[in-house]
Structures are given as C-alpha cells and as structure tokens.
Amino acid sequence: MGGVVDVVVGYTGGKKKNPTYQNIMDATEAFLVEFNPSLISYEEILDEWASQHAPYYPSKCQYRSAIFYCSDEQRDAAHKKIEELGKGGQRKVYVDLEPVSAFYRGEEYHQDFLEKQMSASRI
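Residues numbered from 1 in each chain as written. Predicted model: local features only at pLDDT ≥ 70, side-chain atom pairs only at ≥ 80, totals over all residues. Heavy atoms only, no water.

Asks: How do you make sense of the overall build of the chain when you look at a structure like this?
Replies: Check the secondary structure of the chain and you find three helices and five strands. If you list the helices and strands of the chain from N to C, you get β-β-α-β-α-β-β-α. The proportion of buried residues among the 123 residues of the chain is 31%. By element, 53% of the accessible surface of the chain is carried by carbon and sulfur atoms, the whole surface being about 8,400 Å². (Helix = DSSP H or I, 4+ residues; strand = E, 2+ residues; numbered from the N terminus. Buried < 20%, exposed > 50% of the residue type's maximum accessible area, 1.4 Å probe, protein only. Areas by Shrake-Rupley, 256 points an atom, 1.4 Å probe, with all protein chains shown as cover.)

Given below as structure tokens:
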C-alpha cells in the first residue's frame, strides 16, 4: 500500500515480557504498521484491515481480533470501523479495542510470511 513504510509482525497486549510463538502466554499475535499520514490515512489502513478480516467469531487470546490505538483519534476511528463491521448492531463483531502497549518483534520466519510462502511455492 502506498504510504505504508513498514509492517512488523509480533506480539502485544499481554502482561508477560518477551513472548514468542512457542511461549506466547497472554499476548496476541499482531502487526505494527508504520505509515506516512501525508500519503495514507489511518482510516484507509482500517479499511484495508477490514477488507481482509472477518472478526465474526470469538478466538482465544493468541488469535483474537484487536486494534491497538495510539491516540484518541485512532481509537474513535477504530470504534467507527468496528461499528461498520457490525452493521449497526445487526451482526456480532469480536474485536477488542485497546491502547498500544509493549510490542515485541516476532521471529524472523513470521516476517513477510505470505511473501515467503508464495516464493516457496514458485520453486
């Protein structure tokens, strides 16, 4: 996506420090998006997230659907997007909305996972 500077896969939302895939504890698998707000808006990033995501079923902590926000403006935009996904209360949406907490970079094999899978399938 134009305006997205970097995407890092990792873990957040838990109280235990340094979670890993093998020892995730109470954290959630997540990705951190660095973006240039003069080229892409937070709302556009939420639109892309929503187009690739179907948070209509509850999941355990590791795979739960969550949006971690950095400001009141991001919180409000995310809340609006969650309401849109729920079609004004007509559909149950399972998305937690929380302030950003410590983020731990995931293992290297998780970074660019889809690209690595597609490259491997071309061999």
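Next comes the rest of the description.
Asks: I would appreciate a short explanation of the pattern of salt bridges in the present structure.
Replies: Where side chains of opposite charge bring their charged atoms close, a pairing between them can arise. For the structure on display, the rule yields six salt bridges. With its nearest N and O atoms 2.7 Å apart, the salt bridge here joins Glu 98 to Arg 64. In this pair, Glu 98 sits in strand 4 (residues 96-99) while Arg 64 sits in the loop between helix 1 (42-51) and strand 3 (66-69), placing the two residues 34 residues apart along the sequence. Notably, a salt bridge pairs Asp 72 with Arg 75, separated by 3.2 Å at the nearest N-O pair. (Salt bridge = Lys/Arg side-chain N within 4 Å of Asp/Glu carboxyl O.)

Asks: Please clarify how the environment of Leu 85 should be interpreted in this entry.
Replies: You can see Leu 85 is positioned in helix 2 (residues 72-85). When the C-alpha atoms of Leu 85 and Ala 54 are compared, they prove to be 8.6 Å apart, with 31 residues separating the residues in sequence. The contacts of Leu 85, once residues within four sequence positions are left out, are Trp 49, Ala 50, Pro 55, Tyr 56, Arg 91 and Val 93. (Contact = heavy atoms within 4.5 Å.)

Asks: What is the right way to look at helix 2 in this model?
Replies: Owing to its 3.6 residues per turn, the α-helix brings residues three or four apart onto one side. Helix length check: helix 2 (14 residues) gives 20 Å between terminal C-alpha atoms against 20 Å at 1.5 Å per residue, within 8%. Tucked into the core, helix 2 has its buried residues touching strand 2 (28-35), helix 1, strand 3 and strand 4. Once helix 2 ends, the next one or two residues include Lys 87, with phi positive near 50°. (Expected span 1.5 Å × (residues − 1).)

Asks: What should I look at first to understand the side chain of Thr 28 in this one?
Replies: With respect to the helices and strands, the residue Thr 28 is situated in strand 2. Residue class for Thr 28 comes out buried when judged on its relative accessible area of 1%. Residue contacts for Thr 28: discarding those within four places in its chain leaves Gly 10, Tyr 11, Thr 12, Cys 61, Gln 62 and Arg 64.

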